[in-house]
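Architecture at a glance
Residues per chain, in single letters:
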Amino acid sequence: MNFEHAATTTTAATEVFPTYHAEELARGGNQARILLNGQIYSLRITRAGKLILTK
């Protein structure tokens, strides 16, 4: 999957972390799946605009 970075966030130690729009990860919906070490996680955008990450 190829996502364009929405912005770049830096810290005082000048570390750079990729930043994504949650709506883009969900492709306009309210849920996306994230794969990590063979485990699938669900990222959900609530009606209140909060994020919930579950296994």
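Now for a quick tour of the structure. (Residues numbered from 1 in each chain as written. Predicted model: local features only at pLDDT ≥ 70, side-chain atom pairs only at ≥ 80, totals over all residues. Heavy atoms only, no water.)

Some details on the environment of isoleucine 45
The criterion, for reference: Runs of E in the DSSP output that reach at least two residues are strands. Runs of H or I that reach at least four are helices, and both are numbered from the N terminus. Any residue under 20% of the maximum accessible area for its type is buried, any over 50% is exposed, and the rest in between are partly exposed; the area is computed with a 1.4 Å probe on protein chains only. In what follows, a contact means two residues having at least one pair of non-hydrogen atoms within 4.5 Å.
Within the element layout of this structure, isoleucine 45 appears in strand 4 (residues 39-45). Isoleucine 45 gets classed as buried once you look at its relative accessible area, which sits at 17%. Expressed as a C-alpha distance, the spacing of isoleucine 45 and alanine 22, which sit 23 residues apart in the sequence, is 7.7 Å. When sequence neighbours within four positions are dropped, the list of residues in contact with isoleucine 45 reads Ala22, Glu23, Ala26, Gly29, Asn30, Lys50 and Leu51.

Structural notes on the pairing of strand 4
Applied cut-off: By this definition, two strands are paired if DSSP reports at least two bridges between them.
Pairing geometry for strand 3 (residues 31-36) and strand 4, over 6 bridges, is antiparallel. When the bridges of strand 4 are listed, leucine 35 appears paired with isoleucine 40. Hairpin connection from strand 3 to strand 4: 2 residues lie between these consecutive antiparallel strands, with asparagine 37 at a positive phi of about 50 degrees. Here strand 4 runs beside strand 5 (residues 51-54); their pairing, made up of 4 bridges, is antiparallel. Pairing of arginine 44 across the sheet is with isoleucine 52, part of strand 5.

Describing unusual backbone geometry
Even without being glycine, arginine 27 reaches a positive phi, approximately 50 degrees. Secondary-structure assignment places arginine 27 in the loop between helix 1 (22-25) and strand 3. Note on arginine 27: relative accessible area 63%, which makes it exposed. The phi dihedral of asparagine 37 falls on the positive side, at around 50 degrees, and the residue is not glycine.

Thoughts on the side chain of serine 42
We apply this condition: Think of a polar contact as two N or O atoms within 3.5 Å of one another; within protein, one of them needs to be a possible hydrogen donor and the other a possible acceptor, and neighboring residues in sequence only count if both atoms come from side chains.
If you trace the backbone, serine 42 turns up in strand 4. A distance of 2.6 Å separates polar atoms of two side chains, one belonging to serine 42 and the other to glutamine 31. Apart from the residues lying within four places of it in its own chain, the contact partners of serine 42 are Gln31, Ala32, Ile52, Leu53 and Thr54.

Quick word on the sheet that holds strand 3
For the record, the criterion: In this analysis, axes come from line fits to C-alpha atoms, helices being fitted only over the stretch in contact, and the angle between any two N-to-C directions falls in the range 0 to 180 degrees.
Read across the sheet, 3 strands follow the order 3-4-5 without closing on themselves; strand pairing throughout is antiparallel. In this open sheet, the two edge strands, each paired with only one partner strand, are strand 3 and strand 5. Averaged over all adjacent pairs, the angle separating strand axes in this sheet is 20 degrees, with direction ignored.

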